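If you want the building blocks of each chain, they are given just below.
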Amino acid sequence: MKQTAKEFMSSINVDNMLYDEEIAASMAHARMLKQNKLISDEECDQIIEGLKQVLADIEAGKVEFKVEYDDIHGCIEQQLEEKIGRVARKLNWSRSVNDQVVIDTRLFLREENNLIQESLRELLDTLDKVTPCPDGVEYVPEQPELQALAIEKDLRNNAYGGMPIQIGWCNG
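In this text, all values refer to a predicted model and were calculated from it rather than measured experimentally.

What about helix α6 (residues 97-130)?
- Here α6 contains 34 residues, and its C-alpha end-to-end distance of 49 Å stays within 8% of the 50 Å for a straight helix at 1.5 Å per residue.
- When we look at burial in α6, the residues that qualify are Gln 100, Asp 104, Phe 108, Ser 119, Leu 123 and Thr 126.
- Buried-residue contacts for α6 involve α3 (19-35), α5 (72-84), α7 (144-147) and α8 (150-159).
- Put simply, Ser 96 is the residue that caps the front of α6, since its side-chain oxygen is 3.3 Å from the backbone nitrogen of Asn 98.

Here it is, written out as structure tokens:
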């Protein structure tokens with residue numbers, strides 16, 4: 001297969017950010033396989049320890065997310081098999097790639113949702129502290145305390161493509 005076709009078909013450049021979720025879901029899956037007596041206690045321990053090593057390698061920058069892996073699932077499977085051998089293949093029992101995608105995405109979105117809620121709570125708490133309730137209409141286009149919040153960077157980069165923004169308020 002030509003390299004351009006591989007690059008087109010591969011999602012590793014997008015889904016590599018799901019490595020933490022993929023490893024957590026794989027550990028849970030290994031425990032389920034053990035609980036249902038599909039793998040032994042030793043095999044489960046071996047898989048989980050191998051996944052911990054893969055996680056450490058990824059976080060240390062030792063793993064290159066290559067197009068040849070196709071996706072994060074293939075990447076982690078390959079890394080795991082290099083560490084623990086053929087027992088790594090048992091991790092795929094009773095689950096499909098679709099299962100992996102759904103679980104990883106759900107875990108990722110749950111964490112992102114928590115971060116968004118924290119940012120919004122911080123924004124609302126700061127607004128409560130810095131905005132008065134005037135008799136008339138008062139408009140402040142940029143409030144330093146609001147500009148200093150983490151949500152400013154998120155809004156600037158994700159909603160406005162990195163363009164400068166102002167976070168202020170209007171009461172009245």
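A few points about the nonpolar core
- Ile 23, Ile 47, Leu 51, Ile 76 and Leu 80 are the most contacted members of the largest nonpolar core, which totals 25 residues.
- Among the secondary structure elements, those contributing two or more residues to this core are α3, α4 (41-59) and α5.
- With 7 residues, the single largest contributor to this core is α4.
- Non-local contacts of Ile 23, meaning those with residues more than four positions away in its chain, are made with Leu 51, Val 54, Leu 55, Ile 58 and Ile 76.
- Leu 146, Ile 165, Ile 167 and Trp 169 belong to the second largest nonpolar core, which has 8 residues in total.

Rules behind the numbers
- Residues numbered from 1 in each chain as written.
- Predicted model: local features only at pLDDT ≥ 70, side-chain atom pairs only at ≥ 80, totals over all residues.
- Heavy atoms only, no water.
- Helix = DSSP H or I, 4+ residues; strand = E, 2+ residues; numbered from the N terminus.
- Expected span 1.5 Å × (residues − 1).
- Buried < 20%, exposed > 50% of the residue type's maximum accessible area, 1.4 Å probe, protein only.
- Contact = heavy atoms within 4.5 Å.
- Polar contact = N/O pair within 3.5 Å; in protein donor to acceptor, adjacent residues only side chain to side chain.
- Core = buried A, V, L, I, M, F, W, Y, C linked by side-chain atoms within 4.5 Å.

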